[in-house]
Amino acid sequence: MTVDLSSKVALVTGARTGLGAAIAQTLGAAGATVVASGRRAGDCAAIADAIAGAGGKALEVALDVADLAAIPGRIAALIERTGRLDIVVNNAGVIEPMAPIGSIDPSAFDAALRTNVSGPAAIVGAAWPHLEGGGRIINILSGAALGPLQGWAAYCAGKAALLMFTRAADLEGKERNIRSIGFAPGLVDTDMQAKIRAAHINQISDIPQSKLASAEIPARAVAWLASGAGDDYAGTMVDVRNEEFRARAGL
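Our subject in this report is the structure included herewith. Computed from a predicted model, the values in this text were never measured in an experiment.

### Structural notes on the layout of surface pockets
Rolling a probe over the atoms, with the probe sized like a water molecule, indicates the empty space that remains.
Part 1 of the argument: Taken as a whole, the largest pocket holds about 1,200 Å³ of empty space.
Part 2 of the argument: Lining the largest pocket are 46 residues, with N91, A92, G93, V94 and M192 sitting closest to its centre.
Part 3 of the argument: When contributions to the lining of the largest pocket are tallied by element, the ones reaching two or more residues are α1 (18-29), β2 (33-38), α5 (153-173) and α6 (191-199).
Part 4 of the argument: Top contributing element to the lining of the largest pocket by residue count: α6, with five residues.
Part 5 of the argument: Grouping the constituent residues of the lining of the largest pocket by class yields 21 nonpolar, 15 polar and ten charged.

If you want it as structure tokens, here you go:
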């Protein structure tokens, strides 16, 4: 299914590798001007170059989602460079700390929530005025938002909170034509999954790499949602493994 995002500007966080990189490249192939962000300057230079090399438009920026104080300024600088912002894909996230609750360092738990919840919320808040009239927010979630898993208290709590933030953002944004959608990409072959396998902490750790999906399919799903074609999913979390969703998105 062809998705046309021409004239749109899309910010993708955590775009250096894995799913974020695939999303950035897929949005670029659909015609969007892609702002690929990573924690440090230069992190996403190769992705921006790959998009440009394929005939698309892209730039890379430093945007550490855990640095809450810096986010408003980073978004303002981005808008100054691009002139607009239409799509926000909150992809950056961490799986750590993976530990039984009695062993979790409270500071590590807090840091995880800052990256997985507070940072995405701060990005949306800073971008909010620029998204009015057709903005789309895609928050990358997980089945962990709906059910607990051994050793993943921080990750599950963070994804559950981001799901509720997605619902709240859609509630407040609907009248302004700002729609927010949560998206669960399934088990994708990424660096995060490698950390999960190494941790040997729950049943997800036992899934062999050969059973993991490539990032291409969920990236295409994100592009379809960013186009507005799936706005009836706004305010909810949709899973890439949902057959109805896959058929509608042309997956």
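### Points about the packing of helix α4 (residues 106-131) against α5
Part 1 of the argument: For the pair α4 and α5, the least separation of the axes is 8 Å and the interaxial angle reads 15 degrees. In terms of orientation, α4 lies roughly parallel with respect to α5. Seen along the crossing, α4 lies across α5 with a hand that is right-handed. For the pair α4 and α5, the contacting residues are F109, A112, L113, N116, V117, P120, A121, V124 and W128 in the first and A153, A154, Y155, A157, G158, A161, L162, F165, A169, E172 and G173 in the second.

### Notes on unusual backbone geometry
Part 1 of the argument: E96 connects to P97 through a cis peptide bond whose omega is 0 degrees.
Part 2 of the argument: Positive phi outside glycine occurs at N177, with the angle close to 60 degrees.
Part 3 of the argument: Take N177: it is sitting in the loop between α5 and β6 (179-184).
Part 4 of the argument: Under the relative-accessibility criterion, N177 is labelled partly exposed at 33%.
Part 5 of the argument: The backbone phi angle of H200 is positive, close to 50 degrees, even though this residue is not glycine.
Part 6 of the argument: If you trace the backbone, H200 turns up in the loop between α6 and α7 (216-226).
Part 7 of the argument: The exposure class of H200 is exposed, given its relative accessible area of 63%.

### Section: the sheet that holds strand β7 (residues 237-239)
Part 1 of the argument: Taking strand neighbours across the sheet as the criterion, the seven strands line up as β3-β2-β1-β4-β5-β6-β7 in an open arrangement whose pairing is parallel. For this open sheet the edge positions go to β3 (57-62) and β7, each flanked by a neighbour on one side alone. On average, adjacent strands in this sheet sit at an angle of 20 degrees to one another, irrespective of strand direction.
Part 2 of the argument: Pairing of strand β1 (residues 9-12) with strand β4 (residues 87-90), which is carried by three bridges, proceeds in the parallel orientation. Opposite V12, over in β4, you have V89 as the bridge partner.
Part 3 of the argument: Sheet strands touched by helix α2 (residues 45-53): β2 and β3. Its angle to β3, the strand with the most contacts, is close to 170 degrees.
Part 4 of the argument: The sheet strands contacting α4 are β1, β4 and β5 (136-140), and the helix crosses β4 at an angle near 175 degrees.

### Some thoughts on α6
Part 1 of the argument: Among all positions of α6, only Q193, I196 and R197 are buried. Along the long axis of α6, the arc covered by the buried residues comes to 100 degrees, so they all point the same way.
Part 2 of the argument: Count one or two residues on from α6 and you reach H200, which has phi positive near 50 degrees.

### Some points on the environment of R16
Part 1 of the argument: If you trace the backbone, R16 turns up in the loop between β1 and α1.
Part 2 of the argument: On the basis of relative accessible area, R16 is assigned to the partly exposed category, the value being 45%.
Part 3 of the argument: Residues R16 and D49, 33 residues apart in the sequence, show an inter-C-alpha distance of 12 Å.
Part 4 of the argument: When sequence neighbours within four positions are dropped, the list of residues in contact with R16 reads A21, D43, C44 and I47.

### A few points about the pairing of β4
Part 1 of the argument: Burial of β4 is two-sided: the residues I87 and V89 facing one way and the residues V88 and N90 facing the other way are all buried.
Part 2 of the argument: Sheet topology places β4 next to β5; four bridges connect them, and they run parallel. Across the sheet, residue V89 finds its bridge partner in β5, namely I138.
Part 3 of the argument: The β-α-β motif built from β4, the intervening α4 and the parallel element β5 has right-handed crossover chirality.

### Thoughts on the nonpolar core
Part 1 of the argument: Among the nonpolar cores identified, the biggest contains 39 residues, and I23, L27, V89, F183, L225 and F245 are the most heavily contacted of them.
Part 2 of the argument: Top element by residues in this core is α7. It accounts for seven residues.
Part 3 of the argument: Beyond its immediate sequence surroundings of up to four residues, F183 is in contact with I138, N139, I140, L141, P218, A221, V222, L225, M237, V238, V240 and F245.
Part 4 of the argument: One finds L11, I79, L85 and A127 within the second-largest nonpolar core, a separate group that totals 22 residues.

Reading the values: the criteria
Residues numbered from 1 in each chain as written. Predicted model: local features only at pLDDT ≥ 70, side-chain atom pairs only at ≥ 80, totals over all residues. Heavy atoms only, no water. 1 Å grid on protein atoms, 1.4 Å probe; cavity = no way out; pocket = protein on both sides within 12 Å on 5 of 7 lines; lining within 4 Å. Points joined across faces, edges and corners; volume = space filled by probe spheres on them. Helix = DSSP H or I, 4+ residues; strand = E, 2+ residues; numbered from the N terminus. Nonpolar A, V, L, I, M, F, W, Y, C, P; charged D, E, K, R; others polar. Axes fitted to C-alpha atoms, helices over the stretch in contact; angles between N-to-C directions. Parallel < 35°, antiparallel > 145°, perpendicular 65-115°, else oblique. Left-handed = near helix turned anticlockwise from the far one by under 90°. Contact = heavy atoms within 4.5 Å. Buried < 20%, exposed > 50% of the residue type's maximum accessible area, 1.4 Å probe, protein only. Pairing = 2+ DSSP bridges. Arc of directions from axis to C-beta. Right-handed = clockwise from strand over helix to strand, strands pointing away. Core = buried A, V, L, I, M, F, W, Y, C linked by side-chain atoms within 4.5 Å.

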